[in-house]
Amino acid sequence: MLKFDWNFLFMLINLVIFYLLMKRFLFKPIMRVMDKRKEMIEKQFKDAEDVNTEANELKKLYEEKIQNINEESDRILNEAKENAKAEYGKILDKAETDAKKLKENAKKQADEECENAVRAARESIADIAIEAAEKVLEANVSDKTNSDIFNEFLKESSESNESQD
């Protein structure tokens, strides 16, 4: 038969008491520390995730701003190019207009000078003709006669000049 040993019972009671004391003074503080540590780690993970999310949002925001800035700069450049082309066209048109005016003025001036030269040549020829007529007649002809001869000569020379044109 089995013999009951009191030492065994005391040892069992001591173990239970030791277990309860260990649970109370060792396991609970260690579990509390481990729970706090776990909470701290979870909080750090959550904070890191929040920071990462915020960083991604800021990155997205900055990329959008950069895109908007690039689009705005492209728009401004295109606008400046269009303005420059328009200004270039205006300058060319003005230059062409000025050149046409200068050409027309030069042509008018040349025509006037040519007409004046022809008129001067006619007058000179008329004077020479009157002098020649005076020498031929060897007489002094009156101013009225000179004027009539001069006008007739101009009329004849202008008719011959018109027929040549």
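Reading the values: rules and limits
Residues numbered from 1 in each chain as written. Predicted model: local features only at pLDDT ≥ 70, side-chain atom pairs only at ≥ 80, totals over all residues. Heavy atoms only, no water. Salt bridge = Lys/Arg side-chain N within 4 Å of Asp/Glu carboxyl O. Helix = DSSP H or I, 4+ residues; strand = E, 2+ residues; numbered from the N terminus. Buried < 20%, exposed > 50% of the residue type's maximum accessible area, 1.4 Å probe, protein only. Phe/Tyr/Trp six-rings, centres within 6.5 Å; stacked < 30°, edge-to-face > 60°. Lys NZ or Arg CZ within 6 Å of the ring centre and 35° of its normal.

A. How the structure looks around the pattern of salt bridges. Under the counting rule described, the total for this entry stands at seven salt bridges. For Asp 47, the salt bridge goes to Lys 43, with nearest N and O atoms at 3.5 Å. Of this pair, Asp 47 and Lys 43 both sit in helix 1 (residues 6–137), four residues apart, roughly one helical turn. Exposure remark for Lys 43: the relative accessible area of 54% places this residue in the exposed category. Put simply, Asp 111 and Lys 107 hold a salt bridge, and the shortest N to O gap is 3.9 Å. Here Asp 111 and its partner Lys 107 are both found in helix 1, four residues apart, which amounts to about one turn of the helix. Overall, Asp 111 belongs to the partly exposed group, its relative accessible area being 42%.

B. Region of the structure containing the packing of aromatic side chains. Per the counting criterion, the structure on display carries one aromatic pair. When the ring of Tyr 19 is compared with that of Phe 27, the centres are 6.5 Å apart and the planes differ by 55°; the resulting orientation is tilted. The exposure class of Tyr 19 is partly exposed, given its relative accessible area of 46%. Between the NZ or CZ atom of Arg 24 and the centre of the ring of Phe 25, over which it lies, the distance is 6.0 Å.

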